[in-house]
Amino acid sequence: MNARAQVRAVLGPTNTGKTHLAIERMLAHGSGMIGLPLRLLAREVYDRVVAAKGAAAAALITGEEKIVPESARYFICTVEAMPLDRVVEFLAVDEIQVARDPDRGHVFTERLLHARGYHETMLLGSDTMRPMIRALLPGAEIIRRERMSTLSYVGPRKITKLPKRSAVVAFSAEEVYAIAELLRRHRGGAAVVMGALSPRTRNAQVALYQSGEVDFLVATDAIGMGLNMDVDHVAFASRRKFDGHGWRDLRADEIAQIAGRAGRFTRDGAFGETGECAPFDEEIVERVEGHAFEAVQALQWRNPELDFQSVPALIASLEKAPERRALQRVRGADDEMVLKRLTEEFEIIDRARGPSMVRRLWEACQLPDFRKSSPEDHARLAGRIAHHILSKQGRIPREWIGAEMDKLESANGDLDVLQQRLAHVRTWTFAANRADWLADAEHWRERTRAVEDKLSDALHEALTQRFIDRRTSALLKGLKREDAMLAGVSEDGEVTVEGHFVGRLEGLEFKPDPRAGSELEGRAVRNAALRALRPELSRRLARIATAEEAALTLARDGRVRFDGAVIAKLAHGAPLLKPRLELIGAENADERERNAARERLEYWLARKVGAELRPLVQLEAAWREGRLPADARGLAFRLIENAGALDRRSEALDHISGEAQGVLRKVGVRIGRLSVFMPGLIRPRAAETLAVLRHAALQNHPRPLFLPRPGALSAPLDQPRPWPELAAAGYRGCGRIAVRFDIAEKLADALAAPAPPPEAQLARLIARPARELAGVLGALGYKRIEDEAGARWAAPAFRRAAKPPRARGKPVRGPG
């Protein structure tokens, strides 16, 4: 490996995109490997890589499954199964905080310390690992990633009152099944996800949830390790788990790992308790919401240089203590306990002579306990395998594995029986993936996979039948009696047909449930929903027609809201000061009721425009009624057409008389050094209304609304914007900065003073850093001059009329 290859530790809470980042980085290299904490997650990532690069380029390697094409360049593995003898450009290890785990932690520690890609290595995990990374890998770059959404505690809720798209977490199969049964009776059903499920069963169950066929998921903490599902709320039915050694309370970081499955990308998530789970302490809630957890103090470690000269030498090397303070030797590991038990078997120890045989004995001891049996029973099974692979034949007899597979192949039985059979099959799947344990390993891999798939399908079907009630037959039967179908609208807008949710009425708009089934079912649902909506729409239109003005608001998106619900939008192409509205929804309502509601809304909007844009309305009235001097009418017309503001550099104003200036001042027009504008329009409410109206008046506007926060003296521009767009919000463009009209005039006045203030003071005037001042002044037309008198800014030149008439009164001043 390249000693100078870059090592990055990407740390942060859940939903920060760490795994996604690692996959993208891996696929950007010519070859790569990623170690993941679960077989389920490895299969999920493998499917993504296959979709991106093709099956020939991707390999899946776990303890129970190996798909390794000869042309494979990307290796997706469980952490324990990573083939580190392969040289790859990129290597990543996910969920490195598992390195503290008493059972598996030493494997993650070993990968953290020694697994490397020769161009780039990426370690992913919780920020609690930061001190360990600094201590063990001082040269590594640490990157902190923030959660893309907010995770909030919402307190306890009854299981039957949980919101849709909830995941309920329990820590035993019995509790998972009991909760799923309760949800079936009261909420229509739930999908089930547990770590003991095969990937095939788990994926089929998740598909039920993701497709919307069920709105609830009951799971163990297996969902905490990066499995991606559209969960909005996580409810803990328990806060105690069995960790392989005893029952204990969940740590705050473990709660966060599980609760963090709520919320996806930028969608916020929530968590709380349900069932008999005791409420979380306030301190725990604060730490979970703030992602503040105690740092990991030590990592589990096992000597990577095992001595296979003899069994005693192997045991001695396993018991070797680490030399670094941040590491502690793993104790009580299953494989070490099995090895020590097998030392009591004389025949096995007698055969384990020489490094190769001792190594094979150790491999047998590492058989995972998929069956979750007693230590004695698991040691007996590992010992029986060791007895065969240490014999002269060196292989597990085909008669033994064949008889076991024959017994396990039956798909009959209840959930517990099927799950127990799957656990046994996983043991033989693991054995079949050891080419040196079986004479015809490829045959047995195919056989064990076929049996696992058969049992997985049977288990999925059994879970579905037991915990999901498909009640779509009620709607289909209603097709023959559509007039009799029961439908209704709840107070919060939920539309139901025959007791089934079919959509929502948001304001006046019906939004059907996107999970609608067949066309036949959809037609029955729509017909019944429309009948249910008619009286409700009439009631809502009547309320709008008599609405108080305080209940109506015009939002920045150009939509009108009534009691918080969107009911109308500004029509495109309407005159700026005479906007029109279009109702959103209620297409099938009575036309007279629609007209009454729309007329009320447009009357309210006209009053709003008249009050908040009074200066511009008065100017337009004065121009229309001929109350302006002839030499002011052209300027007034251009102001009306350009949202109440003009650039002095583009206007010939030297022909405007003093009398005309006075009339313009009376109707709210200010002729400044840089701009002609209406100060009354730059007030926050007026600026927001004017900006929204102008934005809505344009059709197919490509840019989002420009509207800085109220009271902002200036604002950065992420892209060039035309004059009217900025002017409507009360600003003028100055290069990459928009400066409010009145502030720009203050800047011009300061520069015109006999002794202009220092540039730092000028920058403070527009609330920008001093380095941005030159760009602002240059965009305004000022030129920097340096001579014997020092440095100064020369005022811009202005356009003059071709043949200006003689003006009466004081002429219009320039910026100098």
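Up top you'll find the structure we're talking about.
No experiment lies behind these values; they were computed from the predicted model shown.

### Some thoughts on the nonpolar core
Here is step 1 of the chain: The biggest cluster of nonpolar side chains holds 66 residues, and the ones touching the most others in it are Leu339, Leu361 and Ile396.
Here is step 2 of the chain: Discounting chain neighbours no more than four positions away, the residues touching Leu361 are Val311, Leu339, Leu342, Ile348, Ile349, Ala352, Ala386 and Leu390.
Here is step 3 of the chain: One finds Leu541, Ala589, Leu605 and Leu646 within the second-largest nonpolar core, a separate group that totals 64 residues.

### Let's talk about the environment of Gln300
Here is step 1 of the chain: By the secondary structure assignment, Gln300 is in strand β17 (residues 299-301).
Here is step 2 of the chain: On the accessibility criterion, Gln300 (6% relative accessible area) is buried.
Here is step 3 of the chain: Sequence separation between Gln300 and Leu508 is 208 residues; the distance between their C-alpha atoms is 60 Å.
Here is step 4 of the chain: Excluding its chain neighbours within four sequence positions, the residues that come into contact with Gln300 are Ala99, Arg100, Asp101, Pro102, Gly105, His106, Thr109, Gln328, Arg329, Val330 and Arg331.

### With respect to the sheet that holds strand β26 (residues 581-583)
Here is step 1 of the chain: Taken in spatial order, the four strands line up as β23-β24-β25-β26 in an open sheet, and their pairing is antiparallel. The open sheet terminates on both sides in strands that have one partner only, identified here as β23 (552-554) and β26. Going across the sheet, the axis of each strand differs from the next one's by a mean of 30 degrees, ignoring polarity.
Here is step 2 of the chain: Strand direction decides the pairing type here: β23 and strand β24 (residues 559-562), joined by three bridges, are antiparallel. Paired with Leu554 across the two strands is Val560, which belongs to β24.
Here is step 3 of the chain: Strands in contact with helix α19 (residues 591-612) are β23, β24, β25 (565-570) and β26; relative to β26, the strand with the most contacts, it is inclined by about 145 degrees.

### Some words on the environment of Ala173
Here is step 1 of the chain: Turning to its location among the elements, Ala173 is positioned in helix α5 (residues 173-187).
Here is step 2 of the chain: Under the relative-accessibility criterion, Ala173 is labelled partly exposed at 27%.
Here is step 3 of the chain: The spacing of Ala173 and Phe90 is 83 residues in sequence and 38 Å in space, taken between C-alpha atoms.

### Brief notes about the sheet that holds strand β16 (residues 269-273)
Think of a sheet as strands paired side by side through backbone hydrogen bonds, with each pair either parallel or antiparallel.
Here is step 1 of the chain: Strand order in the open sheet made by the six strands is β9-β16-β13-β10-β12-β11, with parallel pairing throughout. Because the sheet does not close on itself, it has two edges, and the strands there are β9 (151-153) and β11 (191-193). Averaged over all pairs of adjacent strands, the angle between strand axes in this sheet comes to 25 degrees, irrespective of strand direction.
Here is step 2 of the chain: In terms of strand pairing, strand β10 (residues 166-169) meets strand β13 (residues 233-236) through four bridges, oriented parallel. Within the sheet, the bridge partner assigned to Val168 lies in β13 and is Ala235.
Here is step 3 of the chain: Against the sheet, α5 touches β10, β11 and β12 (216-219), its axis set at about 165 degrees to β12.
Here is step 4 of the chain: Packed onto the sheet, helix α6 (residues 199-210) meets β10, β11 and β12 and runs at close to 140 degrees relative to β11.

### Let's talk about the pairing of strand β31 (residues 731-734)
Here is step 1 of the chain: As judged from the four bridges shared by β31 and strand β32 (residues 737-740), these two strands associate in the antiparallel manner. Bridge pairing in β32 links Gly733 to Ala738.

### A short note on the pairing of β10
Here is step 1 of the chain: Burial along β10 is two-sided: Ser166 and Val168 facing one way and Ala167 and Val169 facing the other are all buried.
Here is step 2 of the chain: With four bridges connecting them, β10 and β12 associate as parallel partners. Bridging from a neighbouring strand, Val169 pairs with Ala219 of β12.

What counts as what
- Residues numbered from 1 in each chain as written.
- Predicted model: local features only at pLDDT ≥ 70, side-chain atom pairs only at ≥ 80, totals over all residues.
- Heavy atoms only, no water.
- Core = buried A, V, L, I, M, F, W, Y, C linked by side-chain atoms within 4.5 Å.
- Buried < 20%, exposed > 50% of the residue type's maximum accessible area, 1.4 Å probe, protein only.
- Contact = heavy atoms within 4.5 Å.
- Helix = DSSP H or I, 4+ residues; strand = E, 2+ residues; numbered from the N terminus.
- Pairing = 2+ DSSP bridges.
- Axes fitted to C-alpha atoms, helices over the stretch in contact; angles between N-to-C directions.

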